[in-house]
Amino acid sequence: MAAVSTTTTPSPHTGPEVDPNGGGTGFRSGFFGWPRWARWTAYVAVAVVLALVAGLVAGVLMVRHSFPQTDGRLDLPGLDGNVQVQRDAHGIPQVYAGTSHDLFYAQGFVQAQDRFFEMDVRRHATAGRLSELFGDATLDSDKMVRTMGWRRVAEQELSRLSPQTQAYLQAYSDGVNAYIHTHTPEEMSLEYSVLNLTGLDYKVEDWTPADSVSWLKAMAWDLRGNMEDEVTRAIMSARRTPAQIAELYPPYPYARHRPIVDQGAVVDKVFEQNATGGGTRKPSRPPLGPEALRALRDTEQAVKGVPPLVGHGDGLGSNAWAVDGDHSTTGKPILANDPHLGVSLPGVWYQMGLHCTTVDSGCPFDVSGFTFAGMPGVVIGHNQQVAWGFTNLGPDVTDLYLEKVTGKTYLYAGKQRGLRMRDEQIQVRGRTKPFRFTVRSTRHGPLLSDVSAQLSTVGANAPAGTGAPDRGNGYAVALQWTALTPGTAMDAVFELDRARDWQEFREGAADFDVPAQNMVYADTAGNIGYQAPGRIPIRKSGNTGDYPSLGWLKADDWTGSYVPFSALPNVLNPSDGFVATANQAVTGRRYPYYLGDSWAYGYRSQRIVDLLQRKPKLSVADMSRIQLDTRNGFAPTLVPYLLRTFMPSDYLAGGQRLLQGWSYHETPGSAAAAYYNAVWKNLLAMTFHDELGQTVWPDGDGRWFEVMRRLLAQPDNPWWDDVNTDGVIEHRDDILAEAMAAARDELVRRQARRAVDWTWGHQHQMELRNPALGQATNPLVRWLFNRGGYELGGGSEIVNATGWDASTDSYDVTYAPSMRMVVSLADLDASRWVNLTGASGHAFNSHYVDQTDLWADGRSLAWPFTRRDVKAATEDTLTLRPEKG
C-alpha cells in the first residue's frame, strides 16, 4: 500500500510542531534520533525519577498511616458516656467527660494516639525489657533495671494505692488498650515500621496499671541525688587527701546565695516557719582499700549502663517561683515553672487538660498542665483554685554499702548472713536463648557491682541454682534506695489535681514520697507557699552519705524511720512576698535533720531572687522574661582575671578584647559568650584533666563555679600545676593564659578567624534525637526521626538553663527547660505555656516540633482553661462514644 501523503496546517501555538507520523522535529523523531547510549541514559533517569516518586508516595502514606484521628466520632468499648476531645491549633487536647472513669479512659486513648511508641519504649525500659526490641545494645540497661527490680516494686506498689487511684489507673489502661486493639504496630507509629524492616516480629502487649506506675521509678532514678558523688569521692580517696577532695566539693555558699527557706526551725518534730534553733552532725569516712575500690568501679560502670530517661547530671534541675498579689500587677499570685531535663524527641512532657463536665465528688477534676505519656493525671499545672510547680529537691535518698561477700554469704554485725537470690532472664533480640543471670541482695539492697560488663564476662552473673559456681570472695556494693520500697506517689498525683487549698495541697504532698521534689504553690485566694516532701531516711550514725557506708557495721544502717513530713521545711505567705527554688540548699545550716548536701550552688536561684526584687510588681510577661535570663553568674568573678592576663600577640588578644564591657549575658549572637565558654572549657581541662580520671572530668556546672572561685584566689594552689610537665610548676596565671590561647585557636577552627564573627549560638546548638532510633547507624533513619540545628543562648547554671558538658569536645545542649509555664491566679486564661517539642510523637506530623521554634525564640502559647476559651481555641473535636452492644 502506498504511503498516504498529508498536508498539515501549522499550529497557532508556539513550540515545535509534532508530526503524528513521526516526521518533522517532534519528540519521537528527535528522541529516537539520539544515540543509543543517550536513549538508555534517559530511560534510566526516568525510571529513577518514577521510582523516587513511587517511594516518596509510599513513604508519605507510611508516615501518615499512624497519624491520629482528631475529629469526627469513634465508638469505643467500656465508656459510660460521650467524651469530647478538643484540640487547638497545636494539637493540644482538652478532654471533657461526665465521669472520672471516662476522663482517664479518654486520657489513655488520646495519649496512645499521639505517643504510643514512646509509651511502649518507656514501659520496656522500666521493666528491663528493652533488649526485646533493640538487642544486645540495651542489655546492660536491662540487667541494671532488673537487678534493682523497678517493675517488681511497681507491682507491689499497686496494692498499696487507694481504691480510687487503682480505678483511675485501670480506666487509663482500658483507654490505651482500646487504641492497641484497633491498630497494628505499623498503624501506631513509623518507628515500628522501621523496626519491622530490620526483621523485628513484634506483637504489642496490653497496657497495665503497673506500666504507668513503673515510670515513677524512672523519674526517681534520674533525679536520685548524690550516688555517683559517693563513688567518685571514694575512688579519689585512694590518691587524694580529704582536704583535696573537699576542694572539689565545696560547701554551699550561704553567705552569698540564700536557701529556699531562710526562716523557721523544727519544734517537737514540727517545722514552724517563725521558730528559731537547730544544729547537726557530719562524720567522715576513712580511705578505702584496693578491693573496695574495684567493687566501686564495677558499680560506677553498671550505673552508667542505664541511659537517662528524663535526663541526668549535676545540672539537672528546675526553676520554680511564685509572687504574691502584693508583688504582682494582677493583684493575685503568679507562679512560674520550667523543669530542666534531658532533650529528646518527643519531649518528656505532654500537655493536656482533664475536665469533668460537672465537677463534684464523683468527678472532681478540672485540671490542666503537663503530664507524662503513659501516666494518668496531670503532674504539674493548675486546677480551678490551685497552681503548683516542681523543682528537684535532690535529697540524699540513696546509700551505697560496701559488703564483705564470702561465697553465698555476706558479713553483718559479726555474723555471716545468707545472700537473697533470684534468677532473671531477659529475651534478647537476635539471640536464640534468653540471657540468664542471678540477682544477689543483702539486707541493704541489690548488689549493683554484680552487673558490670567486666564481671559478666567472667561468669560472675551465672545463675545460683544447684551446683552453680560461687562468684568468689571480696567486696561487693549494694544499693539502698527509698524508691525500692513501695510508695504512694501515684496517689499524690490525683490528690494534687483535685486540691482546693493549702491544706489539701499539703495532704497530697505528704504522699509524694519518691521522687522528692520542691513544691511551689499558689492559689486564687491569694496564698503562696513552699513544701518539701519526700521519704528521706534517718541514718543511725548521722552519716551524711558522702562516702559509701560499711555494710557489716550496724551503726551505718538506716534507722528504718524517715524525716517526719511535719518536720520537712515549708512556708506559707513568707514576709518578703515570694518563694523561689532552683535546686539550691533547702534550709540553713541549723536545720536538725540531714536532707542532703548535693545542692546546686545557688547561682541560678540568687539571680532569680535578684530579678524578683528588682521591680515592686511583676506581670505575667515579666515572669516569662525572667525564665529567659541568660546572665552567667560566675562570669563577673572570672572575667576580671582574664582581662588582667597578658596575651603576647594581637591575634591572641582578639578574643580577650570581646570581654571588655561584656554584660555577662550568653545570648545566641554573643561573640563574647562564645569566647568565654571556650576559655571556661579549656581552663577546666588544663587545671584538672591531668590529675582526675576521665570519668570525673569537670562538666563545668555550678559546683565547678564554686571550685574555681576558690582556686582563683589561690594563685599557687597545687591544682594549677600540670603534673605532666617535668621540672616546671605552673601557677594560676600560666593556666589562664594557656586556656585563653587555646580558646582563640579553637574558635578559629570552629567558626571564623575574626573574633567579632563568632556567635555563642553557632557552637551551642540543640539536637533533638529520638531516644530509640535517633542514634541509628543509618543516616536515613536519623533523618526521619531527629530534628536539630537550634542555635540557643543560655548555658549551664544559668536561669535559661541550656546546659552543656565541658568534659567533652562539644558545646551542644545536653539538658534544657523541658517546658515553660506561667500561671496567673487572677485569670487562669491569661496563663502561658510552651513545650520543648510538640504534642505529637509521630515524625512529620504537623505537631511533631511545632512548639520548638517558639520555645527556642523565648515565646509561648496562650493557655486556655475555661470552657469558653477552650472552645474559642478549638480547631478539631473528636467525640468518643460508648460502643453499642
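Everything below is about the structure shown above.
Keep in mind that this is a model prediction, so the values were computed, not measured.

Conventions and cut-offs
- Counting restarts for each chain: residues are numbered from 1 in the order of the written sequence.
- Restriction of local features to residues with pLDDT of at least 70 applies here, the model being predicted, together with a cutoff of 80 or more for giving and counting side-chain atom pairs; totals for whole chains, interfaces and linings are based on all residues.
- To obtain the side-chain values, all non-hydrogen atoms of the structure were used and water was disregarded.
- Here a helix means four or more residues in a row that DSSP labels H or I, a strand means two or more in a row labelled E, and each is numbered from the N terminus.
- Only protein chains enter the accessibility calculation, which uses a 1.4 Å probe. A residue is then buried if its area is under 20% of the maximum for its type, exposed if over 50%, and partly exposed in between.
- In protein, a polar contact requires one atom able to donate a hydrogen and another able to accept it; more generally it is a pair of N or O atoms within 3.5 Å, and residues adjacent in sequence count only if both atoms are side-chain atoms.
- Two residues qualify as a contact provided that any one of their heavy atoms is within 4.5 Å of a heavy atom in the partner residue.
- We call two strands paired when DSSP finds no fewer than two bridges between them.
- To get an axis, fit a line to the C-alpha atoms, keeping to the stretch in contact for a helix; angles then go from 0 to 180 degrees between the N-to-C directions.
- Two cysteine sulfur atoms form a disulfide, by the criterion used here, when they sit within 2.5 Å.
- Between the rings of Phe, Tyr and Trp (Trp by its six-membered ring), a pair exists once the centres lie within 6.5 Å; its type follows the angle of the planes, with under 30 degrees stacked, over 60 edge-to-face, and the other angles tilted.

**Overview of the side chain of Thr581**
Reasoning step 1: The residue Thr581 is located in strand 24 (residues 578-581) in this model.
Reasoning step 2: Look at Thr581 and you get buried, because its relative accessible area is 1%.
Reasoning step 3: Engagement of the side chain of Thr581 in a polar contact is seen with the side chain of Thr391, the distance being 3.1 Å.
Reasoning step 4: Other than its neighbours up to four places away in sequence, Thr581 contacts Ile260, Ser318, Asn319, Ala320, Thr391, Asn518, Val520 and Tyr530.

**Focus: the sheet that holds strand 2 (residues 83-87)**
Reasoning step 1: Strand order in this open sheet of eleven strands is 1-31-2-3-8-9-10-11-18-19-23, and the pairing throughout is mixed. Pairing within the sheet leaves two strands with one partner each, and these edge strands are strand 1 (72-76) and strand 23 (570-572). Averaged over all neighbouring strand pairs, the angle between strand axes comes to 15°, with direction disregarded.
Reasoning step 2: As paired strands, strand 11 (residues 386-392) and strand 18 (residues 517-523) are joined by seven bridges and run antiparallel to one another. The residue bridging Gly389 from the neighbouring strand is Val520, located in strand 18.
Reasoning step 3: The sheet strands contacting helix 3 (residues 100-126) are strand 1, strand 2, strand 3 (93-97), strand 8 (350-356), strand 9 (366-371) and strand 31 (876-882), and the helix crosses strand 8 at an angle near 155°.
Reasoning step 4: Packing of helix 16 (residues 502-511) onto the sheet brings it into contact with strand 11, strand 18, strand 19 (528-531) and strand 23, and relative to strand 18 it is tilted by some 160°.

**Overview of the state of the cysteines**
Reasoning step 1: Within this structure, the stated rule accounts for one disulfide.
Reasoning step 2: One disulfide in the model links Cys356 with Cys363; its S-S distance is 2.0 Å. Across the disulfide from Cys356 to Cys363, rotation about the S-S bond amounts to roughly -80°, and the bridge is consequently left-handed. Taken as a pair, Cys356 and Cys363 share a single burial class, namely buried.

**Re the packing of aromatic side chains**
Reasoning step 1: As enumerated under the stated definition, the model contains 40 aromatic pairs in all.
Reasoning step 2: With a centroid separation of 5.7 Å and 35° between ring planes, the pair formed by Tyr475 and Trp552 is classed as tilted. Here the residue Tyr475 occupies a position in strand 17 (residues 474-481), and Trp552 occupies one in the loop between strand 21 (549-550) and strand 22 (558-562), the gap between them amounting to 77 residues.
Reasoning step 3: Relative accessible area serves as the criterion here: at 30%, Tyr475 is assigned to the partly exposed category.

**Remarks on unusual backbone geometry**
Reasoning step 1: Pro346 follows Leu345 through a cis peptide bond whose omega is 0°.
Reasoning step 2: Positionally, Pro346 belongs in the loop between strand 7 (334-342) and strand 8.
Reasoning step 3: For the bond from Val514 to Pro515, the omega torsion is 0°, close enough to zero to count as cis.
Reasoning step 4: Note that Pro515 resides in the loop between helix 16 and strand 18.
Reasoning step 5: Residues other than glycine seldom take positive phi values, yet Tyr664 does so here, at roughly 75°.
Reasoning step 6: You can see Tyr664 is positioned in the loop between helix 20 (650-658) and helix 21 (671-688).
Reasoning step 7: Although it is not a glycine, Glu797 sits at a positive phi angle of roughly 55°.

Note that every value here comes from positions in space, so none of it alone points to a role or purpose.
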